Amino acid sequence: MTRLITSGFSHFILFIGILIMIVPVWMIFASSTHTGLTINTHGLQMFLGDSFYENYMRVLLYQGGFFKEITALKMFLNSFIMATGVAILSVITSLMAAYALVYYRTKYATLLFWIIFVTILVPLELRIFPTYSVMAELNLVNSYFGLIVPISASAIATLFFRQFYKTVPDELLESAKLDGANTWRFFVDFLVPLSKTMIVAMLIFMFVFGYNQYLWPLLVTSSEQYWTVVMGLKMMSGSIVHRFAFVLMSMVPPILIIIVLQKHFIKGVFQDK
Amino acid sequence: MSFLDLKNVTKIYPNGTKAVHETSLSVDEGEFMVFVGPSGCGKSTLLRMVAGLEDITEGDINLDGQLINEVDPSERDIAMVFQNYALYPHMNVYNNLAYGLKNRGIDKETIEQKVNDAAKLLQISDFLQRKPSMLSGGQRQRVAMGRAIVRNPKIFLFDEPLSNLDAKLRIQMRLEIKKLQQKVGVTSIFVTHDQVEAMTLADRLAVINNGIIEQLGTPIEIYNNPESLFVAGFIGSPQMNFLDANLNNKTLSAENFEIKNIDSDYNGEVTLGIRPEHLIESENGLINLKVELVEQLGSDNLVYGQIKNIKDFCYRSPGNQTIKKGDTLSLNIEENKYYIFDKNTGKRVNQI
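Computed from a predicted structure; not experimentally measured.

1. Looking at the pattern of salt bridges
Line of reasoning, step 1. What the rule picks out here adds up to 14 salt bridges over all chains.
Line of reasoning, step 2. The salt bridge partner of A:Asp189 is A:Arg185, with a shortest N-O separation of 2.8 Å. Here A:Arg185 and A:Asp189 lie together in helix 10 (residues 183-194), a separation of four residues that amounts to about one turn.
Line of reasoning, step 3. Its relative accessible area of 16% is what places A:Asp189 among the buried residues.
Line of reasoning, step 4. Residue B:Arg316 pairs with B:Asp300 through a salt bridge whose shortest N-O separation is 2.8 Å. Here B:Arg316, found in strand 18 (residues 310-318), pairs with B:Asp300, found in strand 17 (residues 300-307); they are 16 residues apart in sequence, far enough to count as distant.
Line of reasoning, step 5. Classification of B:Arg316 by relative accessible area gives partly exposed; the value is 24%.

2. Side note on the environment of B:Ser125
All names here are of chain B.
Line of reasoning, step 1. Assignment of secondary structure puts Ser125 in the loop between helix 3 (108-122) and helix 4 (137-149).
Line of reasoning, step 2. On the basis of relative accessibility, which here comes to 37%, the residue Ser125 falls in the partly exposed class.
Line of reasoning, step 3. Spatially, the C-alpha atom of Ser125 lies 9.0 Å from that of Tyr94, the residues being 31 residues apart in sequence.
Line of reasoning, step 4. When residues no more than four places from it in sequence are discounted, the contact partners of Ser125 are Ala119 and Lys120.

3. Brief notes about the pairing of strand 6 (residues 78-81) of chain B
All names here are of chain B.
Line of reasoning, step 1. Both faces of strand 6 are covered, namely the face carrying Ile78 and Met80 and the face carrying Ala79 and Val81.
Line of reasoning, step 2. Here strand 6 runs beside strand 7 (residues 155-159); their pairing, made up of four bridges, is parallel. The partner of Met80 across the bridge, within strand 7, is Leu157.

4. Regarding the interface of chain A and chain B
The figure often quoted for interface size is the accessible area lost as the parts come together.
Line of reasoning, step 1. Opposite the 15 residues of chain A that make contact, chain B presents 22 residues.
Line of reasoning, step 2. The tally of links from chain A across to chain B stands at two salt bridges.
Line of reasoning, step 3. When the shortest N-O distance is used, the salt bridge between A:Glu174 and B:Arg48 registers 2.6 Å.
Line of reasoning, step 4. Taken together, chain A and chain B are joined by nine residue pairs in polar contact (both at pLDDT 80 or more).
Line of reasoning, step 5. Elements with a contribution of two residues or more to the side of chain A that touches chain B: helix 9 (170-178) and helix 10 of chain A.

5. Overview of the sheet that holds strand 17 of chain B
Pairing between sheet strands relies on hydrogen bonds along the backbone, with the strands arranged either parallel or antiparallel.
All names here are of chain B.
Line of reasoning, step 1. The antiparallel open sheet is built from five strands, whose spatial order is 15-19-16-17-18. Whereas interior strands pair on both sides, the edge strands pair on one side only; in this sheet they are strand 15 (279-281) and strand 18. The average angle at which neighbouring strand axes cross in this sheet is 50 degrees, direction not considered.
Line of reasoning, step 2. As judged from the three bridges shared by strand 15 and strand 19 (residues 328-333), these two strands associate in the antiparallel manner. Each residue of the ladder has a partner; that of Glu281, found in strand 19, is Leu331.

6. Comments concerning the nonpolar core
Line of reasoning, step 1. Core analysis: the biggest nonpolar cluster contains 46 residues, and B:Val34, B:Val115 and B:Ile235 have the highest contact counts within it.
Line of reasoning, step 2. In terms of nonpolar packing, the next biggest core, distinct from the first, is built from 34 residues, B:Leu6, B:Val9, B:Ala206 and B:Ile208 among them.

7. Details of helix 3 of chain B
Note that an α-helix has 3.6 residues per turn; residues three or four places apart therefore point the same way.
Residue and element names in this part refer to chain B.
Line of reasoning, step 1. For helix 3, built from 15 residues, the straight-helix expectation of 21 Å at 1.5 Å per residue is met to within 8% by its first-to-last C-alpha distance of 21 Å.
Line of reasoning, step 2. What helix 3 keeps buried is the set Ile111, Val115, Ala118, Ala119 and Leu122. Along helix 3, the residues classed as buried sweep out an arc of 100 degrees about the axis, all on the same side. Seen from the open side of helix 3, the exposed residues pointing more than 90 degrees away from its buried face are Glu109 and Lys120.
Line of reasoning, step 3. Here the buried face of helix 3 lies against helix 2 (93-103), helix 4 and helix 5 (167-184).

8. Concerning the sheet that holds strand 8 (residues 187-192) of chain B
Residue and element names in this part refer to chain B.
Line of reasoning, step 1. Taken together, six strands build an open sheet; the order of strands is 6-7-8-3-9-10 and the sheet is mixed. A strand with exactly one partner marks an edge of an open sheet, and here the two such strands are strand 6 and strand 10 (212-217). Neighbour-to-neighbour, the strand axes of this sheet turn through a mean angle of 20 degrees, independent of strand direction.
Line of reasoning, step 2. Sheet topology places strand 9 (residues 204-209) next to strand 10; five bridges connect them, and they run antiparallel. Counted as the bridge partner of Ile208 is Ile213 from strand 10.
Line of reasoning, step 3. Along the sheet face, helix 4 touches strand 6 and strand 7 and points at about 175 degrees away from the line of strand 6.
Line of reasoning, step 4. Helix 5 rests against strand 3 (32-36), strand 7 and strand 8 of the sheet, and its axis sits at about 145 degrees to strand 3.

9. Observations concerning the packing of helix 2 of chain B against helix 3 of chain B
Residue and element names in this part refer to chain B.
Line of reasoning, step 1. Contact pair helix 2 / helix 3: the axes reach a minimum separation of 10 Å and the direction vectors enclose 135 degrees. With respect to helix 3, the axis of helix 2 lies oblique. In this structure, helix 2 meets helix 3 at a crossing whose hand is right-handed. Contacts between helix 2 and helix 3 involve Tyr94, Leu97, Ala98, Leu101 and Lys102 on the former and, on the latter, Ile111, Glu112, Lys114, Val115 and Ala118.
Line of reasoning, step 2. Its residues placed into classes, the contact of helix 2 with helix 3 shows seven nonpolar, no polar and three charged.

10. A few points about the domain arrangement of chain B
Residues and elements named next belong to chain B.
Line of reasoning, step 1. Domain assignment breaks chain B into domain 1 (4-229) and domain 2 (242-342).
Line of reasoning, step 2. Taken over C-alpha atoms, the centre of domain 1 sits 39 Å from the centre of domain 2.
Line of reasoning, step 3. Ranking the residues of domain 1 by area buried against domain 2 places Tyr223, Pro226 and Leu229 at the top, with a combined share of 83%.
Line of reasoning, step 4. Here domain 1 and domain 2 share zero salt bridges between them.
Line of reasoning, step 5. By residue number, the principal contributor to the side of domain 1 that touches domain 2 is helix 7 (residues 219-224), which donates three residues.
Line of reasoning, step 6. For the side of domain 1 that touches domain 2, the per-class residue count stands at four nonpolar, two polar and one charged.

11. Describing the side chain of B:Asp5
Residues and elements named next belong to chain B.
Line of reasoning, step 1. Topologically, Asp5 is positioned in strand 1 (residues 4-12).
Line of reasoning, step 2. Lys7 provides the closest opposite charge to the buried, unpaired Asp5, separated from it by 4.5 Å.
Line of reasoning, step 3. At 2.7 Å, the side chain of Asp5 and the side chain of Ser26 are in polar contact.
Line of reasoning, step 4. The contact partners of Asp5, leaving out residues within four places of it in the chain, are Leu25, Ser26, Asp60, Ile61 and Asn62.

Cut-offs applied
- Residues numbered from 1 in each chain as written.
- Chains lettered and ligands numbered in written order.
- Predicted model: local features only at pLDDT ≥ 70, side-chain atom pairs only at ≥ 80, totals over all residues.
- Heavy atoms only, no water.
- Salt bridge = Lys/Arg side-chain N within 4 Å of Asp/Glu carboxyl O.
- Helix = DSSP H or I, 4+ residues; strand = E, 2+ residues; numbered from the N terminus.
- Buried < 20%, exposed > 50% of the residue type's maximum accessible area, 1.4 Å probe, protein only.
- Contact = heavy atoms within 4.5 Å.
- Pairing = 2+ DSSP bridges.
- Polar contact = N/O pair within 3.5 Å; in protein donor to acceptor, adjacent residues only side chain to side chain.
- Axes fitted to C-alpha atoms, helices over the stretch in contact; angles between N-to-C directions.
- Core = buried A, V, L, I, M, F, W, Y, C linked by side-chain atoms within 4.5 Å.
- Expected span 1.5 Å × (residues − 1).
- Arc of directions from axis to C-beta.
- Parallel < 35°, antiparallel > 145°, perpendicular 65-115°, else oblique.
- Left-handed = near helix turned anticlockwise from the far one by under 90°.
- Nonpolar A, V, L, I, M, F, W, Y, C, P; charged D, E, K, R; others polar.
- Domains from an automatic or database assignment.
- Buried area = accessible area lost by both parts, 1.4 Å probe.
- Lys, Arg positive; Asp, Glu negative; His and termini not counted.

Structure follows, in structure tokens:
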């Protein structure tokens, strides 16, 4: 009986927590299916209206921006390209950096690692102007390359891979060596497949990181052609219902990625096999 | 020059520890050589230098007529079985076996042929599609061996491969390794700290202590004719009994007995070694053993007791005898079965 009460109580608390998180999202969604007039006259709505299709199609296809050159659809495409690029590139660079740090026993490997690690403490914004001038010098503003590359070195991913490599027994390397594997083959045939779950986790992590970038894309793009979703949230004009619709849609890609790959994500971050 | 030739091989670690002292050793083609010694004696280091996993500080290693000091491990054509097997956890058994062949650019059909042959030989054909984590200890051991065999290397190296198995399986695998080596005929070096393993597997045995080969020979030579106190104590189970004694004018005097006409010109303090199995009961024997403990093994009994001030003196008696605690046994040493060592240097001083 007491067990029933305590478990009932903890479920109650969990339920409250879920409500606190879900209700605002639901209100935005419900409101976004009404006309702008309804919201302006009656406030936020708890129940679905009948303008869903109309509102969402308008948001997706509306030519926005000052020069009317960009649609929400294009922004999603831009965001997707940027987030995917950041995810893939940063996973590749940190895999390789970690490999070098762990297996190339240079005297300064630990020092180098800590230097890399300390960059976690330095926010992106601190180096944003020098980075911008480099990109401007190289004529890379207003390009996907400029959007992706400067934020594609991840100290956190390097840390994760490094810690994982350190748990790989030395005998595996030695055995592979005797089996004729060179440095590159050991990386490709052993470390990459062994860190598969962690790679997936880092891809998700870096995808969301890339997707959520605001200041850097804002700075490095002046052409509306390169607007991303997160920038669009600020730039989007139109009725309040269209903004609601856009906000909701902007949440979909990261959520989708996490839902689809969450199994790998949890395995990868808390890897103990 | 023999098949594998070590000349004055020395290993000094960067921190200054000298793990292997100028060691020279030859292994003939097809021979099963065992390095045996206590942990930390440098036997594994020596093996790893042959494999190329450790740099050689000084000296030369020749394999099949080629100096391999600077040859990369992948180019040495050597296969090694590790203590923890080091199977590739993300590959199934088939790929574990095939990986080394793939790296050598061998075509697919030949690889399949070789892997299947090796699998059949080791009776692991049924597990080829499984991952190592789904195998038992003995099966993993077999896969590790298979990975070595399939490559048909110049030499097999075993780094204590049996120490992770339980006792029964260890004995079984020991037999299988020996049979397999005889069948395949590949030159092998096996490192172990277990003297029974060493005795049973070896064609020749190198007893290593503190980075030095103390004695090299066939197991039976080493058992019958240990040249130093260390070898005498290390080889043989139960351990040889040691007593302090004095040797003067070919007469050995221990605490309460004397042996005359010893074949040695040495004079001074010595240690007398007697194996438990070289004692026989007889009336008016040299040694009076007061029994304190009897271990009954069935086939024979291990009797532990006291002679004056010496404790835990061991005598191996036939299993059909009943000996009780508190008995006093009168024992003689079998003729010429006493080993006399210089107390200071540990070198043997009498001939057998």
